[in-house]
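So the chains spell out like this:
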Amino acid sequence: MFEQENVFNQELKLDLPNQISIHVKREDLLHPEVSGNKFRKLKYNIAKAKALGYTRVLTFGGAYSNHIAATAAVGRILGIPTIGVIRGEELVHVYKQNPTLAKAEEDGMRFKFVTRTAYREKSNAEFLADLQQEFDGTYIVPEGGTNDEAILGTMEILKEDDKSFTHICVAVGTGGTIAGIINSSTVDQTILGFPALKGSFLSDDINKFVTKSNWKLIHDYHFGGYAKYNAELISFIQKIEEKTDVLFDPIYTGKMMYGVLDLISKGHFPAGSKILVIHTGGLQGWNDVIRKK
Ligand SMILES: *Cc1c(COP(=O)(O)O)cnc(C)c1O
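All values derive from a computational prediction rather than experimental measurement.

J.: Honestly, the overall build of the protein chain in this entry has me stumped. Any pointers?
T.: Tallying secondary structure elements over the protein chain gives 11 helices and 10 strands in all. For the protein chain, whose C-alpha radius of gyration is 19 Å, the value lies close to the compact-globule estimate of 19 Å for 293 residues. In terms of its C-alpha atoms, the protein chain occupies a principal-axis envelope of roughly 60 × 45 × 35 Å. Pairs at least 24 apart in sequence give 74% of the contacts found in the protein chain among residues at least 6 apart. Total accessible area on the protein chain is roughly 13500 Å²; 51% of this is exposed by carbon and sulfur atoms. Positive and negative side-chain charges of the protein chain, numbering 34 and 35 respectively, have mean locations separated by a distance of 2 Å.

Quick look at the structure:
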């Protein structure tokens, strides 16, 4: 499943000022079920788990996690049992009403629901050792899928031809995707990250994986924080789809696109900038919210 790549760069026809152009890298089309960057981040983790003889894969996430959905789908497709440690003990009774978790269970994922307090220990060595013991033979992938192997995968997003872009824009959650892009960029390109979360120490997390300094996080477009959005963002996403036929999601890529167009209107980008935005995927479950009936 990790062999094929159906990705291309599509120009967005948006009547931009100052000879600025935007192309979108359609990573959302990478795989019909496991979209975009979660596929990239799992690729070398799964390879390592297999090479080292692990028999199952365990990871962490909240109730709407694209990473949980992706891990469960990859497990089903490749025949690898998966375990999801899910934030929120109360979900144990109602998770079947949550589309992400219901689908993950259908894909064969087994759940362990933990309290929010316990969940905070998710990178603590002792907690991980307990999980290893409870689920023996388990390869553990961190929350959001971001680790050294994930970066090897996200380094494959940019191709040789993409060196002609002056700016590369990407949505940021845990920072694994932007880190890979920074590592495979050229020093004269500028990488702009748009965090979907409020606050946090993201720059430190990214700096663990990169050595270049040709990047910047723009914290002005999180719309109130992770998974928060408003009517203005939804109508923006609808308008962009009408004009370009490309649908963005309201958690990550829609916020980034809003930010990119707002920055263009404020003169942030020099004349003639060639901008590449990465469509990291994440569309599952959003059609009903975004598409007017
Ligand atoms: C998870 C996700 C991101 C964030 O990726 P990180 O590597 O965690 O920064 C961006 N876009 C989409 C659609 C995602 O699902």
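J.: Explain the site of the ligand here, please?
T.: Taken together, 14 residues lie near the ligand, and Lys 38, Lys 41, Gly 173, Thr 174 and Thr 177 sit nearest. Between the ligand and Lys 38, the relevant distance is 2.7 Å, taken from an oxygen atom to a side-chain nitrogen or oxygen of the residue. In the model, an oxygen atom of the ligand is placed 2.7 Å from a nitrogen or oxygen of the Thr 177 side chain. For the ligand, the protein covers 98% of the area, taking 390 Å² as the surface of the free molecule. For the shell around the ligand, the secondary-structure elements that each account for two or more residues are α1 (36–51) and α7 (176–184). It is α1 that provides the largest number of residues to the shell around the ligand, a total of three residues. Residues that form the shell around the ligand fall into these classes: two nonpolar, 10 polar and two charged.

J.: I would appreciate a short explanation of the pattern of salt bridges in the present structure.
T.: Should the charged atoms of two oppositely charged side chains come close, the side chains can pair. Inspection of the entire model under this criterion finds 20 salt bridges. One salt bridge connects Asp 28 with Arg 26, and the closest N-O pair in it is separated by 3.0 Å. Glu 156 serves as the salt-bridge partner of Lys 43, at 2.8 Å between the closest nitrogen and oxygen. With a gap of 113 residues between them, Lys 43 in helix α1 and Glu 156 in the loop between α6 (148–154) and β7 (167–172) connect regions that are remote in the sequence. A relative accessible area of 18% places Lys 43 in the buried class. The structure contains a network of salt bridges with shared partners spanning Glu 5, Glu 27, Arg 40 and Lys 159.

J.: Just checking my understanding: could you explain the side chain of Asp 28 for this structure?
T.: Summarising the element assignment, Asp 28 is placed in the loop between β2 (21–25) and α1. Separated by 3.0 Å, the side chains of Asp 28 and Arg 26 make a polar contact.

J.: Quick question: what am I supposed to make of helix α3 (residues 99–106) here?
T.: Of all the positions in α3, only Thr 100, Leu 101 and Ala 104 are classed as buried. Each buried residue of α3 lies within a common arc of 90° when the element is viewed along its axis, so the set occupies one face. Of the exposed residues in α3, the ones pointing more than 90 degrees away from its buried face are Pro 99 and Glu 106. On its buried face, α3 sits against α2 (66–78), β4 (82–87) and β5 (110–114).

J.: What am I meant to see in the packing of α1 against α2 here?
T.: The geometry of a pair of packed helices is captured by two quantities: the angle between their axes and the separation between those axes. Orientation of α1 relative to α2, taken along the N-to-C sense of each, is 50°, at an axis distance of 10 Å. Between α1 and α2, the interaxial angle falls into the category oblique. At the point where α1 passes α2, the crossing takes the right-handed sense. The segment α1 lies against α2, with Lys 38, Leu 42 and Ile 46 engaging Asn 66, His 67, Ala 70, Thr 71, Val 74 and Leu 78. In the contact of α1 with α2, the residues fall into five nonpolar, three polar and one charged.

J.: Where do I start with unusual backbone geometry in this structure?
T.: Glycine aside, residues mostly have negative phi, and peptide bonds are mostly found in the trans state. Unusually for a residue other than glycine, Ala 227 sits at a positive phi of about 70°. By the element assignment, Ala 227 lies in the loop between β9 (215–217) and α9 (231–244). Even without a glycine there, the phi angle at Asp 245 is positive, about 65°. Here Asp 245 lies in the loop between α9 and α10 (253–265). Under the relative-accessibility criterion, Asp 245 is labelled exposed at 66%.

So, how was this worked out
Residues numbered from 1 in each chain as written. Predicted model: local features only at pLDDT ≥ 70, side-chain atom pairs only at ≥ 80, totals over all residues. Heavy atoms only, no water. Helix = DSSP H or I, 4+ residues; strand = E, 2+ residues; numbered from the N terminus. Rg over C-alpha atoms; globule rule 2.2 N^0.38 Å. Contact = heavy atoms within 4.5 Å. Areas by Shrake-Rupley, 256 points an atom, 1.4 Å probe, with all protein chains shown as cover. Lys, Arg positive; Asp, Glu negative; His and termini not counted. Charge placed at Lys NZ, Arg CZ, Asp CG, Glu CD. Near = heavy atom within 4 Å. Polar contact = N/O pair within 3.5 Å; in protein donor to acceptor, adjacent residues only side chain to side chain. Nonpolar A, V, L, I, M, F, W, Y, C, P; charged D, E, K, R; others polar. Salt bridge = Lys/Arg side-chain N within 4 Å of Asp/Glu carboxyl O. Buried < 20%, exposed > 50% of the residue type's maximum accessible area, 1.4 Å probe, protein only. Arc of directions from axis to C-beta. Axes fitted to C-alpha atoms, helices over the stretch in contact; angles between N-to-C directions. Parallel < 35°, antiparallel > 145°, perpendicular 65-115°, else oblique. Left-handed = near helix turned anticlockwise from the far one by under 90°.

Spatial relationships are all this shows, so hold off on functional conclusions.
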